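Geometric and topological summary
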Amino acid sequence: MREIKKILIANRGEIALRVIKTAKEMGIKTVTIYTEKEKSYPHSYMGDESYCLGEGALSETYLNQAKIIDIAKKSGADAIHPGYGFLSENGTFADRVISEGIIFIGPRSESMLIMGDKKTSKQKMEELGIPLIPGYHGDNQEENFLREQAVKIGFPVLVKASAGGGGKGMRVVWKEEEFLEGLQSAMREAKNAFGDDTVLIEKYITNPRHIEVQVMSDSHGNHLHFFERECSIQRRHQKIVEETPSVALSDELRKEITESAVAISSGIDYLGAGTIEYILDDDGRFYFLEMNTRLQVEHPVTEMVTGVDLVRMQIIAASGQRIEMKQSEIQQKGHAIEVRLYSEDPDNNFLPATGKISCVGYPLLNGVRLDSGYVDGNEVTVNFDPMLAKLIAWGESRESATEKILNSLDDIPFLGVKTNRDYLKRILSTEEFAKGITYTHFVETFKDKLLKKDETEHQIAMAIAAFLINERKQKPAQSGQSVWQSSFGFRNV
Ligand code: ADP
């Protein structure tokens, strides 16, 4: 066991602030890193110490392993928390950190290696007897052989890049005649994105839900789960709404899926926080998809419903302490929903948006949490992740959590930059969401419902406004009227 007194956070934005919060509560000092252009962002000054990484590409800054380890040593940090993204699932980095005598707050590199590749992870799951989507995940990559496998599986099938992530290198193929074309295009995309065109073939589940289980393990053989999250509402395979509990799980199914997750974490002798992702079909069968060997963006919904601090658990596990908690003590209470606020324009093909935030706002209601890395005056640029914030609400029931989050979205306007705030409201206001008809194709299926409703009203209002402005422009400010009161191209435009 080693005591952790100072943590370097090898990340930025909301997740850096999230780690600082728990570290502060535990009396642990923090060291943050930031780039030259981020001096005004809170992660650059909220830690106890901060170091500038300079300028340049990510490889020079947040992905520069040598520089980060150097800062950890210089500042006397005894542990590194990688957050999510960046170096969080990089086994080489974890090993380098450990070889320098620094604790890596995350799993062992062997777990990252097995789980970092869809093909090897499936092979491991097969050994453990975990249900897999019917498919082929072997070594033979010959085109005709793969086509035969697809026929055997039965169409539609999904061709998936083994090294894939973020929905890249995936193609749905509906019939045999289209197989080779789909295969080649998935391989091309995989080669470009990951430098590896190895693929696997899976049965395409037509009405799937995305269900994942939060696991946490210490180094004393305790493998716990913190129940499920449903993250079916996605756009281009990116999650936008997450909730727990899932409306799709009966108590029996919940027991089965969480037991399967614990069988995986104990089967690979896992350490720390992880998420096991499953696909659930319409007949209530679940299949292993992949395991993420880090803290997830959507971890707060689990924290709200189980009342645990997952970052605290990560720190305890990494320092070699025992997690003093029994599975039976972990319960789900109430319901939590998270929405991800992005800087984009849903009414203009989700075009990325930039601008200076003049007002973030803050949630007023009890049981609502805003995790954001931005404060008023910060610039939103295309250099980093478009996620501005996560808004999470807890309620006694799913209905009250939905109502709270809808109300609270009004409290955080993020003025100055276009966001998907109204789009999120439209999703949460549909009767399908209320009924829990949440499949991964939700936004595609209900795209007409999710269009801006008041388009015509809005256009009429704009026309009237333009008319009035024009009218006033014809009449310059009268004496005694300040220039601000006349709308001569200064205000109200
Ligand atoms: P990535 O690592 O690129 O995110 P995943 O394997 O985790 O890829 O899948 C991402 C999403 O794609 C899932 O959440 C689900 O919506 C969809 N998906 C993946 N596999 C299947 C499948 N066999 N059938 C239907 N949808 C799938």
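Look up: the structure comes first, before these words.
In this text, all values refer to a predicted model and were calculated from it rather than measured experimentally.

1. A short note on the site of the ligand
- For the ligand, the set of nearby residues contains 22 residues, the closest of which are Lys118, Lys160, Gly167, Glu202 and Ile205.
- A distance of 3.0 Å separates a nitrogen atom of the ligand from a polar backbone atom of Lys203.
- The contact in question runs from an oxygen atom of the ligand to an N or O atom on the side chain of Gln234, over 3.1 Å.
- Put simply, the parts of the chain that give the shell around the ligand at least two residues each are strand E7 (157-161), strand E9 (199-203), strand E13 (272-280) and strand E14 (286-292).
- Here the shell around the ligand is composed, by residue class, of 8 nonpolar, 8 polar and 6 charged.

2. Digging into the nonpolar core
- Judged by nonpolar contacts, the single largest core of 64 residues is most densely connected at Val241, Phe414 and Ile427.
- Looking at which element gives the most residues to this core, the answer is helix H10 (residues 310-318), with 6 residues.
- Both domains that meet at this core, namely domain 1 (6-105) and domain 3 (209-445), each give it at least three residues.
- Excluding residues that lie within four positions of it along the chain, Val241 makes contacts with Glu230, Cys231, Ile233, Ile337, Glu338, Val339, Leu424, Ile427, Leu428 and Phe433.

3. Focus on the packing of helix H2 (residues 65-75) against helix H3 (residues 91-99)
- Remark: H2 packs on H3, axes separated minimally by 11 Å, with the N-to-C direction vectors making an angle of 30°. In terms of orientation, H2 and H3 fall into the roughly parallel class. Crossing geometry of H2 relative to H3 is assigned as right-handed. Contacts between H2 and H3 pair Gln65, Ala66, Ile68 and Ile69 from the former with Thr92, Phe93, Arg96 and Val97 from the latter.
- Grouping the constituent residues of the contact of H2 with H3 by class yields 5 nonpolar, 2 polar and 1 charged.

Criteria and thresholds
- Residues numbered from 1 in each chain as written.
- Predicted model: local features only at pLDDT ≥ 70, side-chain atom pairs only at ≥ 80, totals over all residues.
- Heavy atoms only, no water.
- Near = heavy atom within 4 Å.
- Polar contact = N/O pair within 3.5 Å; in protein donor to acceptor, adjacent residues only side chain to side chain.
- Helix = DSSP H or I, 4+ residues; strand = E, 2+ residues; numbered from the N terminus.
- Nonpolar A, V, L, I, M, F, W, Y, C, P; charged D, E, K, R; others polar.
- Core = buried A, V, L, I, M, F, W, Y, C linked by side-chain atoms within 4.5 Å.
- Buried < 20%, exposed > 50% of the residue type's maximum accessible area, 1.4 Å probe, protein only.
- Domains from an automatic or database assignment.
- Contact = heavy atoms within 4.5 Å.
- Axes fitted to C-alpha atoms, helices over the stretch in contact; angles between N-to-C directions.
- Parallel < 35°, antiparallel > 145°, perpendicular 65-115°, else oblique.
- Left-handed = near helix turned anticlockwise from the far one by under 90°.

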